[in-house]
Amino acid sequence: IDKNLNEKTVKDYLMVIKNRMPRISKTRITEITTDDIVEWWRKSAGARSDVKAFMYARKIMEKCRASNFIPENPCNDAKIIIGDFPGIGETHDHVPRDKLNEFLSALIRISKEVPEVVRDYWIFLLVSGKRRTETLSLKWEDVDFKRGTITLATAKKDKIDVIPMTQLSFLLLKSREKSKDPKNSKWVFNSTTGKGNLTDPHKHFVKLNEELDLDFYISSHDIRRTTSNITKELGFKKEDISLLLNHAKRDVTDLYVFASQEYKRENLESVARYINQHSGEQLNWIAVNWYGGNQEMYTPSPEDNQPEETFEDSMRYLQEEHSKDYVGYGHPEYKPT
C-alpha cells in the first residue's frame, strides 16, 4: 500500500477487505486466482462496500505484480468477466431540506439507545461536513480552544485540514472534554471499549435508519453529502465548498493556506443556521440539552418557534374560502385571526 497514505486509510483498506472478502483475505496472495475473485463476486451482495473491497484488493495486487511478487493480477481478468460494477461514486443520497426535522428528531429519539460518542460523532459530521476517517482519528492535541481551530489529518500524510470551530462544535467539544475517559484520553471520539478511537459507528446506523422514513440507508458519507448539498443551496462559490469540505481536487491549490479562518467560520455558521432553521430549531435544543449551552442564547421565543410556512400557506390569502381570516390584509396593522 502507498506509504503516503494515512495510517487510518491503511486500516480502512485492511478492514474493508477483511469484512467483505473474508475467505480471500485469509488466502496467501500468491494463491488467489481469477476464479476465486469471480466466485466471491457472484456470491456477494454486490453492494457499494463490495465494489470498494474489490477496488482495494485490485490496487494492492497491482502493487504486488509491479514488485514481481506475483506474476499477474487476478483482479484484472476477473473484472473483464464480471463486467461493469454499479458506480461507487454515482449515489447522490443526502437528507433533503424537508427531511432535516425528521432526521434530527429521529437522532434525538434514539440518543439514549446509542453511546454519547456516537450521537456526538453524527452531529459533528453534520455541522462540519468532514469525512468519517478524518473525524474518527481526531486527537485532543489537535483541538485548540484558544485559537478556535480543529486540525484534522487527511488521507495523505503530508496534508492537514484546519477548520474553525463554530458555536455548536465548540460546545460539543467542550462537552466531550468534560466527559473524557482518563484511561483513554487521546481521542476526541474515543472507543466505547475503553481503548483507542471509535472505529465502528456503522452498527448504530441501524437504529437511526429504523427511525427514519428515507428512500435510502443513511451512512456517514450521506451525512457529509447532506452538508455539501446545504452549501450549494446557500449559494457558496465552488472554491468555498472545496475549502470547507477539503475536496481532493481544488481549483486553487493553496486555498486553505491563505483563506481567513473567520471567513470559513462564518460559512460553517451559516450551514448550522440553515440546519437549525429547517429543523424546527432542533440544533438549539441539542446545544442546550446535550452540550450545556446557555438557554438564554439558544431557547427560542414562542414567535421564533412557529412552524415553517409552506408555499401553500403563503398562498392562502388568495382563496375565497379563507377570506374571513384576511380581512384588512395588506394594512400595516393587519394581524391574522
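Look up: the structure comes first, before these words.
Residues numbered from 1 in each chain as written. Predicted model: local features only at pLDDT ≥ 70, side-chain atom pairs only at ≥ 80, totals over all residues. Heavy atoms only, no water.

Draft legend 1. Quick look at the overall build of the chain. A tally of regular secondary structure across the chain gives 17 helices and 3 strands. Total accessible area on the chain stands at roughly 19,600 Å², and carbon and sulfur atoms take up 50% of it. (Helix = DSSP H or I, 4+ residues; strand = E, 2+ residues; numbered from the N terminus. Areas by Shrake-Rupley, 256 points an atom, 1.4 Å probe, with all protein chains shown as cover.)

Draft legend 2. Summary view of the packing of aromatic side chains. One pass over the structure, following the stated rule, counts 8 aromatic pairs. What links up through ring pairs into an aromatic cluster is the set Y121, F124 and F189. One residue, K174, lies across the ring of F145, its end atom 4.2 Å from the ring centre. (Phe/Tyr/Trp six-rings, centres within 6.5 Å; stacked < 30°, edge-to-face > 60°. Lys NZ or Arg CZ within 6 Å of the ring centre and 35° of its normal.)

Draft legend 3. Local environment of unusual backbone geometry. One non-glycine residue with positive phi stands out, namely N68, at about 65°. You can call N68 exposed: its relative accessible area is 70%. Phi is positive for E281, close to 60°, though the residue is something other than glycine. Secondary-structure assignment places E281 in the loop between helix 14 (261-277) and helix 15 (282-289). Here E281 falls in the buried class, since its relative accessible area comes to 18%. (Buried < 20%, exposed > 50% of the residue type's maximum accessible area, 1.4 Å probe, protein only.)

Draft legend 4. Summary view of the packing of helix 7 (residues 116-128) against helix 11 (residues 220-233). Relative to each other, helix 7 and helix 11 sit at 35°, their axes nearing to 7 Å. Taking contact as the criterion, the partners of Y121, W122, L125, L126 and S128 in helix 7 are, on helix 11, S220, I223, T226 and T227. When its residues are assigned to classes, the contact of helix 7 with helix 11 shows 5 nonpolar, 4 polar and no charged. (Axes fitted to C-alpha atoms, helices over the stretch in contact; angles between N-to-C directions. Contact = heavy atoms within 4.5 Å. Nonpolar A, V, L, I, M, F, W, Y, C, P; charged D, E, K, R; others polar.)

Draft legend 5. Molecular detail of the pattern of salt bridges. Enumeration according to the criterion identifies 19 salt bridges in this entry. Two residues, E102 and K99, come together in a salt bridge whose shortest N-O distance is 3.1 Å. By relative accessible area, K99 is classed as partly exposed at 23%. The partner of E262 in a salt bridge is R265, with the nearest N and O atoms 3.0 Å apart. (Salt bridge = Lys/Arg side-chain N within 4 Å of Asp/Glu carboxyl O.)

Draft legend 6. Structural context of the sheet that holds strand 2 (residues 149-153). Taking strand neighbours across the sheet as the criterion, the 3 strands line up as 1-2-3 in an open arrangement whose pairing is antiparallel. With one partner strand each, in any of the chains shown, strand 1 (143-144) and strand 3 (160-164) form the two edges of the open sheet. Sheet topology places strand 1 next to strand 2; 2 bridges connect them, and they run antiparallel. Looking across to strand 2, one finds that D144 is bridged to T149. (Pairing = 2+ DSSP bridges.)

Draft legend 7. Examining the side chain of D161 more closely. Turning to its location among the elements, D161 is positioned in strand 3. You can call D161 buried: its relative accessible area is 0%. At 2.6 Å, the side chain of D161 forms a polar contact with the side chain of K130. (Polar contact = N/O pair within 3.5 Å; in protein donor to acceptor, adjacent residues only side chain to side chain.)

Draft legend 8. Summary view of the side chain of T226. Take T226: it is sitting in helix 11. In this structure the side chain of T226 is engaged in a polar contact, spanning 2.8 Å, whose partner is the backbone oxygen of D222. Residue contacts for T226: discarding those within four places in its chain leaves H94, V95, L100 and L126.

Draft legend 9. Region of interest: the nonpolar core. With 57 residues, the main nonpolar core has F103, W122, I123, L208 and I218 as its most contacted residues. By residue number, the principal contributor to this core is helix 7, which donates 9 residues. Counting 23 residues, the second-largest nonpolar core is a separate cluster that includes I24, A57, I70 and I82. (Core = buried A, V, L, I, M, F, W, Y, C linked by side-chain atoms within 4.5 Å.)

Draft legend 10. Molecular detail of the environment of K174. Structurally, K174 is set in helix 9 (residues 167-178). When the C-alpha positions of K174 and Y291 are compared, they lie 7.7 Å apart, and in sequence the two are 117 residues distant.

Draft legend 11. View of the packing of helix 12 (residues 238-245) against helix 14. The contact between helix 12 and helix 14 brings their axes to 11 Å, and the two run at 90°. Taken together, the axes of helix 12 and helix 14 lie roughly perpendicular to each other. Here helix 12 contributes D240, L243 and L244 to the contact with helix 14, which in turn contributes Y263, K264, N267 and L268. Classifying every residue of the contact of helix 12 with helix 14 by side-chain character gives 4 nonpolar, 1 polar and 2 charged. (Parallel < 35°, antiparallel > 145°, perpendicular 65-115°, else oblique.)

Draft legend 12. Broad picture of the pairing of strand 2. Where strand 1 folds back on strand 2, the antiparallel hairpin that results is connected by 4 residues, among which G148 adopts a positive phi of roughly 70°. Taken together, the 5 bridges between strand 2 and strand 3 define a ladder with antiparallel strand orientation. Looking across to strand 3, one finds that T149 is bridged to P164.

Draft legend 13. Quick look at helix 5 (residues 74-82). Of the positions making up helix 5, those classed as buried are P74, C75, A78, K79 and I82. One side of helix 5 carries all its buried residues, which in axial view fall inside an arc of 135°. Tucked inside the fold, the buried residues of helix 5 contact helix 3 (34-43) and helix 4 (48-66). For helix 5, the side-chain oxygen to backbone nitrogen distance between the N-cap and C75 is 2.9 Å, and the N-cap itself is N73. One or two residues past the end of helix 5 sits G83, with phi positive at roughly 90°. (Arc of directions from axis to C-beta.)

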